[in-house]
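So you can see what is in the structure, the chains are spelled out below.
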Amino acid sequence: MVVLSGKEVANSKLEELKSKTQSFIEKYNRKPTLAVILVGEDPASQTYVASKKKACIKLGYGHKDYVLDKEVTQKELNSLVDALNEDNSVDGILVQMPLPKHLNEQEVIERIRSDKDVDGFHPINVGKLLIGLDCFVSCTPKGIMAILDYYHIETQSKNVVIIGRSNIVGKPMASLLIQKGRDATVTIAHSRTKNLKELTKSADILIAAIGRANFVTADMVKEDCVVIDVGINRVEDSSRKRGYRVVGDVDYQNVSAKVSAITPVPGGVGLMTIAMLMENTLESAIMHEEKDN
Ligand code: NAD
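Anyway, here's the lowdown on the structure attached to this text. (Residues numbered from 1 in each chain as written. Predicted model: local features only at pLDDT ≥ 70, side-chain atom pairs only at ≥ 80, totals over all residues. Heavy atoms only, no water.)

### Re unusual backbone geometry
Geometrically, the link from Met97 to Pro98 is a cis peptide bond, its omega value of 0° lying close to zero. Considering the arrangement of structural elements, one finds Pro98 in the loop between β4 (92–95) and α4 (105–111). Cis geometry is adopted by the peptide bond preceding Pro266, which originates at Val265 and carries an omega value of -5°. By the element assignment, Pro266 lies in the loop between β11 (261–262) and α10 (269–292). One non-glycine residue, Asn214, lies in the positive phi region at around 55°. Within the secondary structure, Asn214 sits in the loop between β7 (205–208) and β8 (226–229). Its relative accessible area of 38% is what places Asn214 among the partly exposed residues. (Helix = DSSP H or I, 4+ residues; strand = E, 2+ residues; numbered from the N terminus. Buried < 20%, exposed > 50% of the residue type's maximum accessible area, 1.4 Å probe, protein only.)

Right, here's the structure in full:
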């Protein structure tokens, strides 16, 4: 059984980006720059935003951080996005989700200019991805493809089952895998799927993006399956100082004993997501420079 180490793949990607960033700075005399907007004080969001800032610093990117009051109006948030859209020193704009209930997430996603949408959530990028055009690809599915490539896991003619149909994981994951060159046969399962175990047992590659701790059990996978665990779930653990530990959607202990390869949680897909955000930001910066010259 191979442990698919997101940590190893992410570190190798970050090293590559660090050197490409140096070349970018030397060539264009400026840093690739990411603007991150956080609304409110959600602790998980604060952690995600802090790790994005840390990654920017580590790679030598510029970063602009905005923390808005949880009562901010849609109009105020939109105005900040508009200003960043117009700011030529900014290559990528990210609004940390989820937003407080009174704000319209889709409106914000569509407000970000598609050529600065490094999260790959804008309908233009989602549509381009589906029809196989160059675009910003949602970071988690892009990171999963990078893990498969790094470990030379072939997708051609494989049965891939994705559990979860979210716009940020399940749907873009399917879009990537069905493209020519990837050539997988993809099934997307979701909360209304009836014969889930039957489907998952047919999977050569199983991707779990559900958000439920230990949902995928050993009886749901066939031997030699490759398992990608996207889940990030907190479960109580009084032996830990912080009172919880993080587990995936897969019962790692029992499933890993049966399958040919699996991503751990932590140390798997999660680390790839930030690495891909950094890659998208550098790609955006290069695109902006090439367009202007
Ligand atoms: P979501 O809540 O938007 O979607 C969950 C999906 O699971 C839904 O499509 C739903 O239909 C499906 N589902 C729920 N119960 C089911 C059931 N009983 N059977 C089959 N399908 C079922 O979730 P999301 O945003 O895609 O995130 C999924 C998980 O991945 C979460 O734990 C999240 O924290 C994690 N996540 C991790 C990363 C990362 O960087 N590793 C990124 C995004 C999300």
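### Observations concerning the environment of Arg234
On the secondary structure map, Arg234 appears in strand β9 (residues 233–236). Take Arg234: its relative accessible area is 52%, and that puts it in the exposed class. Setting aside residues up to four positions removed in sequence, Arg234 forms contacts with Ala44, Tyr244 and Arg245. Only 3.3 Å separates the side chain of Arg234 from the side chain of Tyr244, close enough to count as a polar contact. (Contact = heavy atoms within 4.5 Å. Polar contact = N/O pair within 3.5 Å; in protein donor to acceptor, adjacent residues only side chain to side chain.)

### Re the layout of surface pockets
Volume-wise, the second largest pocket comes out at about 400 Å³. Of all elements in the fold, only α5 (123–130) and α10 reach the threshold of two or more residues within the lining of the second largest pocket. A per-element tally of the lining of the second largest pocket places α5 first, with four residues. Looking at side-chain class alone, the lining of the second largest pocket contains eight nonpolar, five polar and five charged residues. (1 Å grid on protein atoms, 1.4 Å probe; cavity = no way out; pocket = protein on both sides within 12 Å on 5 of 7 lines; lining within 4 Å. Points joined across faces, edges and corners; volume = space filled by probe spheres on them. Nonpolar A, V, L, I, M, F, W, Y, C, P; charged D, E, K, R; others polar.)

### So, the pairing of strand β5 (residues 159–163)
Within β5, four of the five residues are buried, which leaves the element mostly enclosed by the surrounding structure. In this sheet, β7 lies alongside β5 in parallel orientation, the contact comprising four bridges. From the neighbouring strand, Val160 faces β7, where its bridge partner is Ile205. (Pairing = 2+ DSSP bridges.)

### What to know about the site of the ligand
Neighbouring residues of the ligand: 22 residues in total, closest Arg165, Ser166, Ser191, Ile232 and Thr273. Within the contact set of the ligand, an oxygen atom lies 2.6 Å away from a side-chain nitrogen or oxygen of Ser166. Here a nitrogen atom of the ligand and a backbone polar atom of His190 are 3.4 Å apart. Relative to its free-state accessible area of 850 Å², the ligand is covered by the protein chains to the extent of 73%. A total of three residues in the shell around the ligand trace back to one element, the largest contributor, which is α10. Of the residues belonging to the shell around the ligand, the class tally is ten nonpolar, ten polar and two charged. (Near = heavy atom within 4 Å. Areas by Shrake-Rupley, 256 points an atom, 1.4 Å probe, with all protein chains shown as cover.)

### Structural notes on the sheet that holds β4
Pairing is parallel in the open sheet, where three strands are placed in the order β3-β2-β4. Where the open sheet ends on each side, the last strands, each with one partner, are β3 (62–68) and β4. This sheet shows a mean twist of 15° between the axes of neighbouring strands, independent of strand direction. Pairing between strand β2 (residues 33–39) and β3: seven bridges, direction parallel. Across the sheet, Ala35 pairs through a bridge with Lys64, a residue of β3. (Axes fitted to C-alpha atoms, helices over the stretch in contact; angles between N-to-C directions.)

### Some points on the pattern of salt bridges
The final tally for this structure, using the stated rule, is 15 salt bridges. With its nearest N and O atoms 2.5 Å apart, the salt bridge here joins Arg30 to Glu289. In this pair, Arg30 is assigned in the loop between α1 (6–28) and β2 and Glu289 in helix α10, connecting sequence segments 259 residues apart. Per residue, the accessibility class of Arg30 equals that of Glu289, and both read buried. A salt bridge links Asp149 to Arg182; its shortest N-O distance comes to 2.8 Å. Separated by 33 residues along the polypeptide, Asp149 in helix α6 (residues 139–150) and Arg182 in the loop between α7 (170–177) and β6 (185–189) bring together distant segments of the chain. According to the relative accessible area criterion, Arg182 is partly exposed, its value standing at 25%. Salt bridges here are not isolated pairs; linked through shared partners, they connect Lys13, Glu16, Lys20, Lys142, Glu279 and Glu283. (Salt bridge = Lys/Arg side-chain N within 4 Å of Asp/Glu carboxyl O.)

### Considerations on the nonpolar core
Residues Leu34, Ile144, Leu177, Ile207, Ile228, Val230 and Met278 are the most contacted members of the largest nonpolar core, which totals 52 residues. Ranked by residues supplied to this core, first place goes to α10 with nine residues. Counting only domains with at least three residues in this core, you end up with domain 1 (28–113) and domain 2 (139–271). Setting aside chain neighbours within four positions, we find Leu34 in contact with Cys56, Gly62, His63, Lys64, Gly92, Ile93, Leu94, Val118, Leu277, Met278 and Thr281. Counting residues in hydrophobic clusters, the runner-up holds 18 residues, among them Ala218, Cys225, Val255 and Ile262. (Core = buried A, V, L, I, M, F, W, Y, C linked by side-chain atoms within 4.5 Å. Domains from an automatic or database assignment.)

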